[in-house]
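Here's the letter readout for the chains.
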Amino acid sequence: MNPAEHHRPLETYFDNAIPTQAPVRSGPELSIIVPTFNERENIAELIGRLVVCLGDRSWEVVFVDDDSPDGTADLVREHAVADSRVRCVQRIGRRGLSSACVEGMLATTAPYLAVIDSDLQHDERLLPQMLDILRQGDSDIVVGSRYAPGGDIGDWDARRARMSRFAMRLSRVLVPAELTDPMSGFFMMRRSVLDGSVHRLSAIGFKILTDVFASFPQPLRFKELPYRFRVRRAGQSKLDSVTVWDYVMLLLDKMIGRWIPVRFLAFSIVGAMGVAVHFAVLTLCLQGLHSGFVAGQAVATLCAMTFNYAVNNVLTYRDMRLRGLRWLRGWASFVLACSIGGIANLGVASTVYGLGHGWFPSAFAGILVGAVWNYGVTMMLTWGRARK
Ligand code: GDD
Ligand code: MN
C-alpha cells in the first residue's frame, strides 16, 4: 500500500481546516478476535506471540471479555495503553464464545478477520500464512484443522476425542463433508463472509465456524492448514457437558429456527420434563405422605415450577444465567408469571371445551397458550432484566 494512503488529510473532513502534520494511521488489515473468560494469565503471552509472528504486518487484536471475575478485561486495557494494536470489548451480563466472536468482529473494520483462543491451544504461527492465502483471492476462509493430514488433536482423553468426532458427524448436515474440522475455533476469513452471514448467524454456544458455514448463502471457498492442538497454557477450559446441549440447539436453530425460535423449543422441552416432575411429586405426596389432593397438587406445582426455572436458567438461558440474589428474584418472577400462565391455560381450555370440542384439543389449546405466555413473559420479566 502507498504510504500516502495511510494519511487522510484534515481538509477532506472540514472545508476550512488547517492542515496538520500529525500522522493519521489507516485501520489495520487484519483483526484478530480473541474471546476470553478468566484468561488473565494467558493475555501477555498471547500478545507477545502475536507481535513476534505478525512482524510488521498491519494488525490488531480485539479481546472480547465477558466481564471475567479475574479481571481479564482490565489487564487487556493495561496492554492497550502501551500498544494501540490491542483492544478490549467488555460485555456485561452475557456469556458465550460464539456471540463474543461475532460482536468482536462487528467492532472492527479490517478486511480480514481471524478468531483464535486465548489459551494458546491454537497455533498462532499459522496466522501469517492464513493471511497470505486470503490475499491471493481464491479462498473466502482458511481454517486451522486438527484433523487434516499433518494435524493432531494433541493430548485429549478418549471421551473428549469421542465427543468431538460425534459432534463432527452431526455437523455434516450443515457443513461440506470436505471440511475436516468443522468444530475448529481457529480460522481467518474475508470481511465479506461476515457481511454475508451476520444476519443469519445463530451465535449460540461454542461452534462459530459451523455457524458461519451454515449461515453463508453460498458454499464458501475454503482452505485448511493442519496444526497440532496444544495443551492449554494456564487456567481452565470452559467446555462442559452443557456445551453439547448448546451445540444441538445450534444445529436445530439452523434447521428449524426460521419457523420456531429454539429458545421456545428448549423452553417447551424443559416444560415437558416439568410435567414429569409434577406427577412424581404428586404421587409422592398422595401415596407416600397421604396428603390431601389440593395440598399435593399445590406442592407439586411449586416443585415443577422451581424445577423448570432452575433448568431453564442453566440450559435455555445459559448465556444470561442468573446467580445469587438474582437467582432468587428470578425465581419469584418466574413463579408469578407461570401462575398467571396456568390461569390462562385453564381459561382457554375451558372455553374451547365449552364450545363443544373434545378434551384433547381443549387441553392442547390451553397448554399451547399457557406455554407461549410463560415463555414470552419470563423471557422479558425473568431473564430479560438479567443485566440490571
Ligand atoms: N467471551 C467469552 N465468553 N469467551 C469464552 C467463553 C464465554 O462464555 N467461553 C469460553 N471462552 C473463551 C476462552 O476464554 C478461550 O479463550 C476460548 O474461548 C476457548 O475456550 P476453552 O474453554 O479453552 O475451549 P476448548 O479449548 O475446550 O475448545 C476450543 O477449541 C476447540 C478446538 O478449536 C473452542 O474454541 C472450541 O470451540 C473448539 O472446537
Ligand atoms: Mn482451550
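Residues numbered from 1 in each chain as written. Chains lettered and ligands numbered in written order. Predicted model: local features only at pLDDT ≥ 70, side-chain atom pairs only at ≥ 80, totals over all residues. Heavy atoms only, no water.

For the rest of this paragraph, the subject is the domain arrangement of the protein. Domain boundaries assigned for the protein yield domain 1 (30–256) and domain 2 (262–387). Using only C-alpha atoms to locate each centre, domain 1 and domain 2 end up separated by 37 Å. Residue-level contacts link 14 residues of domain 1 with 10 residues of domain 2. In total, about 1100 Å² of surface goes out of reach between domain 1 and domain 2, with carbon and sulfur atoms giving 66% of it. Contact with domain 2 buries surface across domain 1, with R95, V242 and W245 losing the most and accounting together for 41% of the total. Applying the counting rule to domain 1 against domain 2 returns 1 salt bridge. Its salt-bridge partner being D246, residue R318 comes within 2.8 Å of it at the nearest N-O pair. Connecting domain 1 to domain 2 are 2 residue pairs in polar contact (both at pLDDT 80 or more). (Domains from an automatic or database assignment. Contact = heavy atoms within 4.5 Å. Buried area = accessible area lost by both parts, 1.4 Å probe. Salt bridge = Lys/Arg side-chain N within 4 Å of Asp/Glu carboxyl O. Polar contact = N/O pair within 3.5 Å; in protein donor to acceptor, adjacent residues only side chain to side chain.)

Let us look at the coordination of the manganese ion (ligand 2). Surrounding the manganese ion (ligand 2) are the protein donor atoms D119 (OD) and Q121 (OE1), which sit 2.0 Å from the metal. Judged by its relative accessible area of 3%, D119 is buried. When its relative accessible area of 12% is taken as the criterion, Q121 is described as buried. (Donors = N, O, S within 2.8 Å, 3.2 Å for Na, K, Ca; no water. Buried < 20%, exposed > 50% of the residue type's maximum accessible area, 1.4 Å probe, protein only.)

Another aspect to go through is the site of ligand 1. Taken together, 28 residues are adjacent to ligand 1, and E39, D66, Q121, M183 and K238 come closest. The separation between an oxygen atom of ligand 1 and a polar side-chain atom of Q121 is 2.7 Å. With the chains in place, 99% of the 740 Å² that ligand 1 exposes on its own is no longer accessible. Across the shell around ligand 1, the residue classes break down as 10 nonpolar, 8 polar and 10 charged. (Near = heavy atom within 4 Å. Areas by Shrake-Rupley, 256 points an atom, 1.4 Å probe, with all protein chains shown as cover. Nonpolar A, V, L, I, M, F, W, Y, C, P; charged D, E, K, R; others polar.)

Attention now goes to unusual backbone geometry. With phi around 55°, D67 is a residue other than glycine that occupies positive phi space. Here D67 is to be found in the loop between strand 2 (59–65) and helix 2 (72–82). Residues other than glycine seldom take positive phi values, yet L120 does so here, at roughly 70°. As for its placement among the helices and strands, L120 is situated in the loop between strand 4 (112–115) and helix 4 (127–136). Given a relative accessible area of 4%, L120 falls into the buried group. (Helix = DSSP H or I, 4+ residues; strand = E, 2+ residues; numbered from the N terminus.)

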